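Here is how the chains run, residue by residue.
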Amino acid sequence: MLQCPYEQAHLIRPERMQIHLIKCERQHKNVKLLKCMFNYSHHIKPEDYAEHLRLCDDRRLIETSLYLLEGEVARGIGKPSSTTGATTGVMDPQTKQAVWGEENWDDMNEAPYDPEKHCLENKIIRKARLLTKAEKREFYKAESQRHDELAKRTAQ
Ligand SMILES: [Zn+2]
Ligand SMILES: [Zn+2]
């Protein structure tokens with residue numbers, strides 16, 4: 001059982017946590033937690049967010065593609081050209097939440113194009129949607145801290 005970040009008394013099975021968090025977040029509008037960009041079911045206190053991003057177990061899973069994406073976005077590949085229509089309501093917190101939480105793969109069955117490429121585009125869109133300015137700032141802060149630590153370690 002995992003402890004709900006909104007309410008200590010809530011003990012939730014890991015597989016139910018994501019659904020629980022969506023509901024519990026609505027019931028605790030006064031509690032402002034940031035979502036981990038690597039795993040939507042990590043809701044983090046703002047003061048712990050940078051630290052969490054550095055330590056999150058899930059970052060390894062998508063770290064490679066994330067770095068790749070920085071380059072792709074810079075080259076303009078992440079432009080809203082996909083057929084998923086996923087570019088609507090980009091900054092709407094509700095939409096953001098619904099899309100991220102549902103893992104809706106139905107869209108992918110429509111067009112017979114390179115699934116790997118689509119997956120990449122999909123991640124770009126998600127990343128762009130997920131990050132607010134503050135979150136980006138925290139992410140880059142966490143990144144530079146991490147790089148500093150790596151540099152220190154290799155220097156020893
Ligand atoms: Zn809860
Ligand atoms: Zn996380």
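Predicted model only: the values in this text are computed from it and were never measured.

Colleague: What is the right way to look at the packing of helix H2 (residues 46-55) against helix H6 (residues 133-155) in this model?
Modeller: For any two helices packed against each other, the geometry is given by the interaxial angle and the distance between the axes. Remark: H2 packs on H6, axes separated minimally by 8 Å, with the N-to-C direction vectors making an angle of 55 degrees. In this view, H2 runs oblique relative to H6, as classed from their interaxial angle. Both H2 and H6 take part in a crossing whose hand is right-handed. Within the contact between the two elements, H2 uses Tyr49, Ala50, Leu53 and Arg54 and H6 uses Glu138, Phe139, Lys141, Ala142, Gln145 and Arg146. Of the residues belonging to the contact of H2 with H6, the class tally is five nonpolar, one polar and four charged.

Colleague: For this particular structure, what's the right way to read H6?
Modeller: Across its 23 residues, H6 extends 33 Å between first and last C-alpha, which sits within 8% of the 33 Å expected from 1.5 Å per residue. Of all the 23 residues making up H6, one are buried; the element is thus mostly uncovered.

Criteria and cut-off values
- Residues numbered from 1 in each chain as written.
- Chains lettered and ligands numbered in written order.
- Predicted model: local features only at pLDDT ≥ 70, side-chain atom pairs only at ≥ 80, totals over all residues.
- Axes fitted to C-alpha atoms, helices over the stretch in contact; angles between N-to-C directions.
- Helix = DSSP H or I, 4+ residues; strand = E, 2+ residues; numbered from the N terminus.
- Parallel < 35°, antiparallel > 145°, perpendicular 65-115°, else oblique.
- Left-handed = near helix turned anticlockwise from the far one by under 90°.
- Contact = placed C-beta atoms within 7 Å.
- Nonpolar A, V, L, I, M, F, W, Y, C, P; charged D, E, K, R; others polar.
- Expected span 1.5 Å × (residues − 1).
- Buried ≥ 20, exposed ≤ 12 C-beta atoms within 10 Å, placed from the backbone.

Function cannot be read off these values alone, since they describe shape.
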